[in-house]
Amino acid sequence: MVFPGQGAQAVGMLQEFAAVETGISQRYAEAAEIIGAPLDQYVKDGPEDQLNLTEFTQPAILTASVALWEIYQARGGVQPTMLAGHSLGEYSALVCAGALSFADGVRLVNLRGRYMQQAVPVGEGAIAAVLGLDDEQVGACCAEAATAQEPVSPANYNAPGQVAIAGAAAAVDRAIEVCKAAGAKKAVRLNLSVPVHCSLMAPAGEQLKAAIEDTGLSMPSIPIVQNIDGGVADDLVALKDKLLAQLAGPVQWTRSIQTMAAAGVTKAVECGPGKVLGGLIKRIDRSIKVLPTDSEAAMAATVAAVGAEA
């Protein structure tokens with residue numbers, strides 16, 4: 001089972017499903033109370049700019065993912081053998097694997113989003129997508145564009161030939177031009193204000209470390225493939241270290257899916273809004289069939305599909 005990260009949100013997400021499954025609305029009302037903001041309203045009616053603030057986006061996606069996980073479980077969906085989440089999605093995986101309570105998960109990602117935004121003032125950081133270069137080429141282009149004062153580095157190894165870069169806005173713009181000169185099919189800024197998964201997030205990491213230590217985190221009941229190295233932690237210390245490292249380090253999504261494939265995974269359930277991860281996984285390993293859950297019809301088909309194999 002895989003859990004999406006920031007970017008999967010949309011005003012009105014899961015609302016048609018929520019009319020059938022009251023648990024979705026209940027979870028959103030609970031999350032709104034936990035963070036002291038009308039998160040349920042932002043998800044249902046907007047405004048979009050509020051939902052897109054990272055401190056609200058992150059609990060919104062986690063809540064959607066947990067609600068869908070609970071519906072999947074209630075309908076008899078086969079227990080997954082491994083979990084992985086893209087960036088923020090790693091926290092959704094921790095909640096669903098019983099390593100974090102829902103309330104602690106919502107609080108933690110709300111803080112994570114706030115710390116991330118505070119670490120880099122709006123306009124000073126940027127993220128860009130680079131298509132058509134391999135991982136090493138993108139790294140070399142970033143190294144050429146970076147300076148000590150203006151860093152830029154690979155942020156998400158999303159799939160072969162699809163890498164996101166992040167850092168100081170000026171350095172990202174330079175890196176875009178270097179990537180184009182190196183033969184990138186496409187290199188463009190993304191509409192995200194927080195340059196996550198780069199060294200500029202170090203201050204946010206220090207704040208998040210204290211928040212994680214104050215949270216009752218335990219070992220998950222299902223192995224979680226973690227972003228920072230595509231590996232599974234053997235103990236709680238390693239799990240926490242890897243969880244913290246991913247804030248200022250790149251998401252190794254390609255490696256994470258390769259770990260699952262090597263373990264024999266042939267089906268992955270995308271537990272969250274949208275189908276972004278399904279598209280990435282198809283680029284990484286076409287032998288893995290990805291099944292969505294973000295509508296009544298999709299959930300019913302997915303439960304039937306995984307149940308049939310069991």
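Heads up: the structure comes first, above all this text.
All values reported here derive from a predicted model rather than from experimental measurement.

Novice: Got a minute to help me understand the overall build of the protein chain in this structure?
Specialist: When helices and strands are tallied, the protein chain shows 14 helices and 9 strands. Taking 2.2 N^0.38 as the reference for a compact globule, 310 residues should give roughly 19 Å; the C-alpha atoms of the protein chain span a radius of gyration of 19 Å, in line with that estimate. Along the longest, intermediate and shortest principal axes, the C-alpha atoms of the protein chain span 50 × 45 × 40 Å. Residues classed as buried in the protein chain amount to 53% of the 310 residues present. Residue pairs at least 24 apart in sequence account for 72% of intrachain contacts in the protein chain once pairs closer than 6 positions are excluded.

Novice: Sorry if this is basic, but what is going on with the sheet that holds strand β3 (residues 125-131) here?
Specialist: Where strands meet in a sheet, backbone hydrogen bonds hold them as pairs that are either parallel or antiparallel. Spatially, the 4 strands line up as an open sheet ordered β4-β5-β3-β6, and their pairing is antiparallel. Every other strand in the sheet has two partners, leaving β4 (152-159) and β6 (186-189) as the edge strands with one partner each. Going across the sheet, the axis of each strand differs from the next one's by a mean of 20 degrees, ignoring polarity. Of the strand pairs in this sheet, β3 and β6 are connected by 4 bridges, and their pairing is antiparallel. Looking across to β6, one finds that Leu 131 is bridged to Lys 186. Each of β3, β4 and β5 (162-168) touches helix α8 (residues 135-145); the most contacted strand, β4, lies at about 165 degrees to it.

Novice: What am I meant to see in the pairing of strand β9 (residues 289-292) here?
Specialist: Bridging between strand β8 (residues 267-270) and β9 involves 4 bridges; their strand directions are parallel. Across the sheet, residue Ala 268 finds its bridge partner in β9, namely Val 290. Once the chain exits β8 it traverses helix α13 (residues 276-284) before rejoining the sheet at β9, and the crossover so formed is right-handed.

Novice: Got a minute to help me understand α8 in this structure?
Specialist: Along an α-helix, residues three or four positions apart point the same way, because every turn accommodates 3.6 residues. Turning to α8, its buried residues number three or more, namely Val 138, Cys 141, Cys 142 and Ala 145. Burial along α8 is one-sided: seen end-on, the buried residues are contained in an arc of 100 degrees. Facing away from the buried side of α8, by more than 90 degrees, are the exposed residues Glu 136, Ala 143 and Glu 144. The inward-facing, buried residues of α8 contact β3, β4, β5 and α9 (169-181).

Novice: Please clarify how the packing of aromatic side chains should be interpreted in this entry.
Specialist: Evaluation of the coordinates by the stated rule reveals 1 aromatic pair. Look at Tyr 42 and Phe 56: their rings are 5.2 Å apart centre to centre, the planes differ by 55 degrees, and that puts the pair in the tilted class. Of this pair, Tyr 42 sits in helix α3 (residues 39-45) while Phe 56 sits in helix α5 (residues 54-74), and the two are 14 residues apart along the sequence. The residues Tyr 42 and Phe 56 share a single accessibility class, namely buried. Here Arg 27 stacks its cationic end above the ring of Phe 102, 4.2 Å away from the centre of that ring.

Calculation notes
Residues numbered from 1 in each chain as written. Predicted model: local features only at pLDDT ≥ 70, side-chain atom pairs only at ≥ 80, totals over all residues. Heavy atoms only, no water. Helix = DSSP H or I, 4+ residues; strand = E, 2+ residues; numbered from the N terminus. Rg over C-alpha atoms; globule rule 2.2 N^0.38 Å. Buried < 20%, exposed > 50% of the residue type's maximum accessible area, 1.4 Å probe, protein only. Contact = heavy atoms within 4.5 Å. Pairing = 2+ DSSP bridges. Axes fitted to C-alpha atoms, helices over the stretch in contact; angles between N-to-C directions. Right-handed = clockwise from strand over helix to strand, strands pointing away. Arc of directions from axis to C-beta. Phe/Tyr/Trp six-rings, centres within 6.5 Å; stacked < 30°, edge-to-face > 60°. Lys NZ or Arg CZ within 6 Å of the ring centre and 35° of its normal.

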